[in-house]
Structures are given as structure tokens and as C-alpha cells.
2 protein chains.
Amino acid sequence: MSTNLRIPGPTPCPPDVLAAAAGEMINHRGPEFAELQERLTAGIQPFFGTDQEILLITASGTGAMEAAIVNTLSVGDKALCVTVGSFGDRFGTIAERYGADVTRSDIEWGEAATPELVAELIQQDEYDALLITHNETSTGVTNSIGKIAAAVREVADPLIIVDAVSSLGSIEMRMDDWGLDAVVTASQKGWLSPPGLAMAALSERGWAAAKTSTMPSFYFDLTTHHEYAERGQPPWTPALPTMYAMDAALPMLIAEGPEAIYARHHRFASWTRSAAKALGLELLADERYASDTVTAIKVPEGMTGSAVTKRLREDHDVVIAGGQGKLAASIWRIGHLGYLDEGEFAACFSALQQALVAEGFSAAEGAVIPGIDG
Amino acid sequence: MSTNLRIPGPTPCPPDVLAAAAGEMINHRGPEFAELQERLTAGIQPFFGTDQEILLITASGTGAMEAAIVNTLSVGDKALCVTVGSFGDRFGTIAERYGADVTRSDIEWGEAATPELVAELIQQDEYDALLITHNETSTGVTNSIGKIAAAVREVADPLIIVDAVSSLGSIEMRMDDWGLDAVVTASQKGWLSPPGLAMAALSERGWAAAKTSTMPSFYFDLTTHHEYAERGQPPWTPALPTMYAMDAALPMLIAEGPEAIYARHHRFASWTRSAAKALGLELLADERYASDTVTAIKVPEGMTGSAVTKRLREDHDVVIAGGQGKLAASIWRIGHLGYLDEGEFAACFSALQQALVAEGFSAAEGAVIPGIDG
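Remember, it's a predicted structure, so these values are computed and weren't measured experimentally.

A.B. asks: Is there a simple way to explain the overall build of chain A in this structure?
C.D. replies: Broken down by element type, chain A carries 13 helices and 14 strands. C-alpha extents for chain A along the principal axes are approximately 60 × 55 × 30 Å. For chain A, the exposed area adds up to about 12900 Å²; of that, 47% sits on carbon and sulfur atoms. Here chain A contributes 25 positively and 49 negatively charged side chains, and the mean placements of these two sets differ by 4 Å.

A.B. asks: Looking at this structure, I do not really get the interface of chain A and chain B. What am I missing?
C.D. replies: Many descriptions give the size of an interface as the accessible area lost when the pieces come together. Counting residues at the interface gives 50 residues for chain A, matched by 50 residues for chain B. Where chain A abuts chain B, roughly 4000 Å² becomes buried across the two surfaces, and 67% of that area is made up of carbon and sulfur atoms. When residues of chain A are sorted by the area they lose upon contact with chain B, A:M25, A:R97 and A:F218 head the list and together hold 17% of the total. If you look at where chain A meets chain B, you find two salt bridges. A:R97 is the salt-bridge partner of B:D221, the closest N and O atoms lying 2.9 Å from each other.

A.B. asks: How should I be thinking about the pairing of strand β11 (residues 294–298) of chain A in this particular structure?
C.D. replies: Two faces make up the sheet, and in a regular strand the side chains alternate between them. All names here are of chain A. Counting buried positions over the five residues of β11 gives four, a clear majority of the element. Bridge count for β11 against strand β14 (residues 331–335) is five bridges, and the pairing is antiparallel. Paired with A296 across the two strands is R333, which belongs to β14.

A.B. asks: Would you take a moment to explain the packing of aromatic side chains for this structure?
C.D. replies: To describe a pair of aromatic rings, one takes the distance between the centres and the angle between the planes. Applying the stated rule across the entire model yields 23 aromatic pairs over all chains. With centroids separated by 5.1 Å and ring planes inclined at 80°, the aromatic side chains of A:Y219 and A:F220 adopt a geometry described as edge-to-face. An identical accessibility class is assigned to A:Y219 and A:F220; each is buried. Linked through ring pairs, A:F218, A:Y219, A:F220, A:Y228, A:W236, B:F218, B:Y219, B:F220, B:Y228 and B:W236 together constitute an aromatic cluster. The aromatic ring of A:Y228 is capped on one face by A:R231, whose charged end is 4.5 Å from the ring centroid.

A.B. asks: Got a minute to help me understand empty space enclosed by the protein in this structure?
C.D. replies: One water molecule sets the probe size; rolling that probe over the atoms shows where empty space is left. All names here are of chain A. One pass over the structure, following the stated rule, counts four cavities of 30 Å³ or more. Taken as a whole, the largest cavity spans an internal volume of roughly 80 Å³. Lining the largest cavity are 14 residues, with L56, T58, P234, W236 and P238 positioned closest to its centre. Elements represented by at least two residues in the lining of the largest cavity include exactly α2 (31–48) and β2 (55–58). Examining the composition of the lining of the largest cavity, we find that three residues originate from one element, β2, more than from any other.

A.B. asks: Just to check I follow, could you spell out the layout of surface pockets for this structure?
C.D. replies: By volume, the second largest pocket is sized at about 860 Å³. Looking at the second largest pocket, it is lined by 46 residues, and the ones nearest its centre are A:R29, B:A321, B:G323, B:Q324 and B:R333. For the lining of the second largest pocket, the elements supplying multiple residues, two or more each, are α3 (61–72), α4 (86–97), α12 (305–316), β13 (321–322) and β14 (331–335) of chain B. Tallying contributions element by element places α12(B) first for the lining of the second largest pocket, with four residues. Residue classes in the lining of the second largest pocket are distributed as 17 nonpolar, 22 polar and seven charged.

A.B. asks: Is there a simple way to think about the pattern of salt bridges in this case?
C.D. replies: As a working rule, side chains carrying opposite charge can pair if their charged atoms are close by. Per the counting criterion, the structure on display carries 43 salt bridges over all chains. Salt bridges linked by common partners bring A:R153, A:D157, A:D181 and A:R205 together as one network.

A.B. asks: When you look at the nonpolar core in this model, what are you seeing that I'm missing?
C.D. replies: Most often, soluble globular proteins keep nonpolar side chains buried together rather than apart. If you look at the biggest cluster of nonpolar residues, it comprises 125 residues, and the most contacted ones within it are A:I44, A:L180, B:I44 and B:L180. The greatest single-element share of this core, amounting to nine residues, is contributed by helix α10 (residues 240–256) of chain A. Those residues in contact with B:I44, other than ones at most four positions away along the chain, are B:I54, B:L56, B:W191, B:M199, B:M246 and B:L250. Judged by nonpolar contacts, the second largest core, of 76 residues, contains A:F91, A:M215, B:A186 and B:F218.

About the cut-offs
- Residues numbered from 1 in each chain as written.
- Chains lettered and ligands numbered in written order.
- Predicted model: local features only at pLDDT ≥ 70, side-chain atom pairs only at ≥ 80, totals over all residues.
- Heavy atoms only, no water.
- Helix = DSSP H or I, 4+ residues; strand = E, 2+ residues; numbered from the N terminus.
- Areas by Shrake-Rupley, 256 points an atom, 1.4 Å probe, with all protein chains shown as cover.
- Lys, Arg positive; Asp, Glu negative; His and termini not counted.
- Charge placed at Lys NZ, Arg CZ, Asp CG, Glu CD.
- Contact = heavy atoms within 4.5 Å.
- Buried area = accessible area lost by both parts, 1.4 Å probe.
- Salt bridge = Lys/Arg side-chain N within 4 Å of Asp/Glu carboxyl O.
- Buried < 20%, exposed > 50% of the residue type's maximum accessible area, 1.4 Å probe, protein only.
- Pairing = 2+ DSSP bridges.
- Phe/Tyr/Trp six-rings, centres within 6.5 Å; stacked < 30°, edge-to-face > 60°.
- Lys NZ or Arg CZ within 6 Å of the ring centre and 35° of its normal.
- 1 Å grid on protein atoms, 1.4 Å probe; cavity = no way out; pocket = protein on both sides within 12 Å on 5 of 7 lines; lining within 4 Å.
- Points joined across faces, edges and corners; volume = space filled by probe spheres on them.
- Nonpolar A, V, L, I, M, F, W, Y, C, P; charged D, E, K, R; others polar.
- Core = buried A, V, L, I, M, F, W, Y, C linked by side-chain atoms within 4.5 Å.

Shown next as C-alpha cells:
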């Protein structure tokens with residue numbers, strides 16, 4: 001049996017998707033590639049909720065975050081970075097590196113950004129852009145991007161640039177309806193696929209900003225990506241194995257349909273939260289904004305979080321994640337996105353119970369882990 | 001039978017390498033990844049000819065070219081870009097985008113840069129850096145980097161930044177002995193592997209320059225890559241399928257050994273050149289600097305190059321490349337790097353002969369294609 005990988009990406013992939021990654025090489029400037037690219041972008045587009053072009057980038061999600069920034073912002077632009085965790089912080093850091101004047105929100109990790117707060121913050125200066133995370137992987141919090149964008153648009157008109165790396169494909173995204181200007185994601189999250197492929201879309205306003213952007217870019221220049229895509233080509237040699245995998249995964253996602261996929265993620269997320277609570281553990285995020293793709297669980301006082309993850313890995317072949325940044329030692333994170341198998345979740349919770357008990361957490365002893373939907 | 005892919009990357013991969021790309025996902029922040037990264041960098045290092053750390057980057061070769069520049073140059077730095085084709089031009093363009101003051105050499109496409117010329121050019125201004133291509137994929141020309149670097153060091157002391165994307169692993173590279181400051185390559189060239197993974201190394205002087213570089217970077221920040229690598233991690237989620245493939249390919253390359261690999265590439269390159277000449281075709285590059293990884297063949301006057309590549313693809317399932325940039329219509333390019341199979345080359349030349357004859361190139365009629373080494 002393979003490792004029970006329950007981190008928030010890379011996620012396990014269906015066997016047919018992994019098998020597809022082993023495909024023979026093709027000419028990335030030939031007709032086969034043009035067809036592959038067309039199938040991928042057409043399949044991805046509905047999940048973005050956009051009529052805009054989907055750009056494929058050979059990079060991790062961080063690369064696509066950089067692409068979103070360097071193509072739409074200019075040096076000296078004022079950006080409000082609404083951050084609720086380490087990936088929000090990273091978004092601000094990328095913008096700073098490239099010369100934006102970044103102001104960070106002060107929201108506690110584990111909390112969500114509220115539409116009211118963001119609307120208030122955006123009025124405190126003449127911001128050119130709002131940088132915001134849809135789903136904060138480091139804390140298991142989902143920001144209500146649709147409501148936040150609506151509240152912001154009522155009082156200001158910044159470019160709204162969204163890191164949807166760990167949400168898109170798993171949690172509803174309506175880029176056009178919500179009036180978002182740049183949205184990015186990556187293959188190893190909700191897409192049933194391995195890492196290596198990032199995706200980005202810009203609104204008309206985002207493309208207009210790209211025309212005048214003064215931040216430097218070459219590899220991540222989306223105008224270049226667009227020009228090549230028009231000819232059915234990638235600008236640079238792409239990560240074909242990941243594209244082949246996505247090409248096998250997308251028909252599965254399309255057959256299931258976005259609504260069913262989002263419901264499935266919500267079901268597994270609820271189950272994870274119920275199981276954690278049944279084991280006597282506390283969740284980091286309030287249920288109202290707890291993420292449907294990753295759950296952050298507080299390490300009980302007096303316990304060493306890494307002792308539990310080590311036991312899980314060594315004794316049970318179950319891999320969960322620790323925290324990041326300032327929460328490194330104080331939370332565990334369980335990913336529930338992409339390819340979700342009931343048996344693997346049951347095995348994960350059972351192993352977690354054993355590891356907790358072995359580490360002396362008596363509250364978990366005799367706890368009854370609920371079944372899914374139960 | 002699969003397509004006979006004879007372009008200069010992506011190159012065909014051994015079946016075991018492709019199969020490895022289908023491996024199960026792992027935690028990129030866990031011990032398995034640390035071991036994988038250690039195996040890859042240890043295996044790659046001897047081919048670079050360096051004692052310096054090898055950094056792994058999820059990107060195409062162009063991404064690594066950008067990394068080499070933005071980590072070592074500063075805004076306003078004077079760079080001499082010695083270009084002999086479209087990838088040399090790209091190197092200069094990347095540096096310009098990030099604010100370097102770039103002067104380009106004026107060398108005809110199809111020619112090589114000579115040590116004498118580069119030594120002369122480097123003295124014409126106070127250059128901070130020399131940007132140069134080891135093997136120019138667009139023209140099938142290899143620059144004698146070792147000799148060029150030696151000639152340059154006699155008269156000046158710029159950072160020497162080398163695009164070795166389509167040479168490293170196939171043509172000798174002695175980064176440390178030759179005193180190079182940044183060297184980059186990518187998995188889909190000589191490495192028997194699919195695209196998705198780029199590699200970079202900096203000299204001590206390159207790392208010192210990285211400390212003071214004022215060009216912005218985040219995704220390609222090699223200092224960040226280095227800091228994570230020290231902990232056995234990638235900075236961002238990496239293209240695991242390509243890394244798995246490289247992990248299967250490297251033992252094959254190590255078993256064969258660098259010298260034998262370079263000799264094999266030279267043998268197939270010589271064979272390709274002999275076959276082209278036997279078919280009555282002219283080569284773009286002089287034998288003295290013709291590349292051992294890709295051969296550029298002139299399209300005979302009056303012929304349409306794309307008609308031949310179309311025939312090859314449609315009638316013979318053989319894929320060769322056309323030209324790039326200003327040579328787009330006037331050359332064909334045959335790749336001979338990575339996984340080389342005698343039968344596939346014989347089939348490629350035979351198909352080329354048939355396609356040439358079908359397109360009315362009478363010189364190819366009745367031509368006898370030599371055997372390898374013959």
C-alpha cells in the first residue's frame with residue numbers, strides 16, 4: 001500500500017493520471033501540443049468561472065503568484081496585501097521585491113478577512129491593487145472572495161489579484177462574476193494532478209494593466225505566453241508529464257462537475273473537522289470560514305507536534321503537515337483536496353488517534369471517530 | 001511504434017525513465033524528498049564539472065537563464081552578450097528586461113564566437129558580465145567556452161554567465177576549471193528526461209554577486225533555493241514527475257560515464273552531418289564548431305522547408321525542427337542528444353531522403369546514406 005498522503009498538496013493522484021504522466025515526449029511546437037493545450041485550457045476555464053484565456057505556466061503556484069503581480073503592477077504602485085497567513089505574506093513579499101509599496105493587513109492567523117474590514121482598509125490610501133488569498137493553506141482559512149470583492153468595489157476600484165492556488169478546482173471561483181483581475185492556481189492542489197503546471201487568467205483590466213506594467217519579467221511575462229498560445233504553443237519548453245497528467249485528470253473533473261466536486265470537498269472537510277473534535281482536539285479556524293481543502297488542528301498544550309507527525313509517518317505510513325512560519329510548532333494540517341478516498345481518511349484518523357494516545361493525549365483514548373456524513 | 005522525435009528537445013526518453021515519471025506523490029517537505037534531492041544533485045554535479053552546489057528549479061531552461069542573470073547582475077550593470085543565434089539573443093533580452101545595459105556582439109548566425117573576438121569585444125567597455133551560449137540550439141553551433149573564458153580572463157574580469165541548456169550532459173563542461181560564474185541547463189536536453197526541471201550552479205564569485213544584486217527576483221531567487229536546499233527541501237512545490245524521471249535517468253548516465261556520453265554524442269552528430277551531406281545537403285555550421293547535440297541543415301534553394309517537415313511528420317512519423325527567428329524558413333534542425341537509437345536515426349535519414357525526393361530535390365535521389373562510424 002502506498003503512503004497515505006494527507007498534506008495540502010502535492011495530493012495523491014488517481015492511477016490513470018499517474019500513468020498518463022509517463023507519456024512519450026512530443027514536439028512542443030507541433031500540432032499535437034496545440035491540441036493538448038487547447039484541451040487543457042478549455043477544460044480548466046469553467047473552474048475559473050471566466051471567459052478569459054487561461055495561461056499555462058511551467059512553475060509551482062508561487063511562480064503563478066509572481067506572474068500575477070509582475071504583469072499587472074508597476075514599480076511604486078500601492079498595494080494592500082490582505083494576509084491571513086504565510087501565503088498571504090508571501091504574496092506581499094513578491095510585490096515588495098518587484099518594487100510595489102505594500103501595506104499589510106493585521107489579521108490574526110486563523111482568522112478570515114471580512115468584507116467589512118477589507119472595505120475599510122482599502123479606503124485608507126489610494127491603493128492600485130488588492131492582493132488577497134482565496135484559501136490560506138497555512139491556516140486552513142477560506143476568505144469569501146466574492147463578498148470581499150463586492151464590498152471593495154463599492155468604495156474603491158483597485159485591481160483585485162487573487163491567489164487561488166489551494167482553492168481553485170475544489171472551492172467555488174467565479175472570477176468574472178466577482179470582478180477579479182488576476183487569478184492563479186496550480187496543478188498539485190485540487191486538480192488530481194502532480195505539481196509542475198500553474199494556471200493564470202487576467203481580466204480585461206488586468207490585460208490593460210499588463211500593457212503599462214513597469215515591473216520586469218521574462219519567463220513569467222503573460223503577454224509572451226498569450227502570443228505563443230495564439231499559435232498553439234508554449235513560450236518555453238513545458239513540463240509535459242504534468243500536462244499529460246492534467247489531460248487525464250480533467251475529463252474526470254468535468255464528468256463529476258464543479259458543483260459535485262465542491263460538495264465532495266465540503267463533505268470531507270466537515271468529516272475531518274468532526275473527527276478532530278471527536279479526538280478531543282481544537283480547530284484553529286472557526287467553522288464559518290474553515291477551509292474545505294485543508295484543516296488546521298491545534299497541537300494540544302504540552303505536546304510536541306512533530307512527535308505525532310513522526311509517529312504517523314513511521315508507524316502508520318500516514319503523512320500530515322505541520323504548521324508554517326509562526327504556527328510551525330503549534331498546528332497540524334490535514335489536506336482534503338483533489339483525489340479523496342474514504343478509506344484513506346478513516347485510516348488517517350485512526351492512526352492519528354493511536355499516535356495521540358501513544359503521545360499521552362488521554363482525551364483521544366476511547367474516542368469514537370464519526371463516519372463520513374455521520 | 002512511437003513517433004521518431006528528432007528535435008533538439010524535448011528528446012525521447014528511455015522507457016524506464018518515462019515509467020518513473022508516473023511515481024506516487026510524496027511530501028516535498030519530508031525525508032523522502034530530501035533523499036531524492038540529494039541523489040539528483042550528487043548525480044548532476046560531475047557533469048557540471050563543479051564542486052559548487054547544484055540548485056534544482058521547477059522551470060524550463062529559459063527560467064534557469066533568468067535565474068542566472070537576476071541573481072548575479074545588478075540594474076545598470078554592463079553586460080556583453082555574445083550571441084550567435086536566437087538563444088543568445090534571448091539571454092541578452094532577459095538581462096535588458098531586468099535593467100542591464102546590454103551590448104550584443106555582431107556574429108553571423110551559423111558562425112561561432114572565437115576566443116580572439118570575445119577577448120577583443122570584452123575590452124571595448126568596462127563590462128561587469130559576459131553572457132554567452134555554450135551550444136546555440138537555433139544554429140547548431142558550439143562555442144568553445146573553455147578557450148573563450150581563458151582568453152577573456154587574460155584581458156578582463158567579468159562574471160562569465162553561461163547558457164549550457166542544450167550542451168550540459170552531452171558536451172563537456174568544466175565549470176570550475178574554466179572559471180565560469182553561472183551555468184544553467186534543463187532536463188529535456190541531454191539528460192534522458194522530460195522537461196520541467198532546470199539546474200543551475202554559481203561560482204563563489206557568482207554567490208558573492210548574488211549578495212549585492214539589485215535585480216528583483218522571488219521565484220528564481222537562488223539564495224532562497226540554497227537556504228531551502230540546506231534543509232533538504234525545495235523552496236516551492238517542485239515538478240515531481242520530472243524529478244522522478246531524472247532519478248531514473250541519472251544512474252544510466254553515471255553508468256555510461258561522461259566521457260563515453262560525450263563520445264556517443266559526437267558519433268551521432270558526425271553521422272548526422274555525413275548523412276546530410278550524402279543527401280546533397282549543405283550544413284549551416286562549419287565542421288570545426290558544428291554542435292554535437294543539434295545539426296542545422298540548409299534548406300536547398302527553391303524548396304519550402306516546411307513541406308519537407310510536413311511530409312516527414314505525416315508520411316513517416318518523423319519529427320524534425322525548422323529554424324527559429326531569421327532562419328525560420330531556411331534551415332532544418334535535427335536533434336541528436338539524450339537517448340540515441342541507431343535504428344531511429346537510420347529511419348530518420350531514410351525518411352528525409354524520401355521526403356526530399358518527393359519534393360523534387362533530385363540530388364538526394366540514389367544517394368547512399370552512410371552507416372554510423374562509416
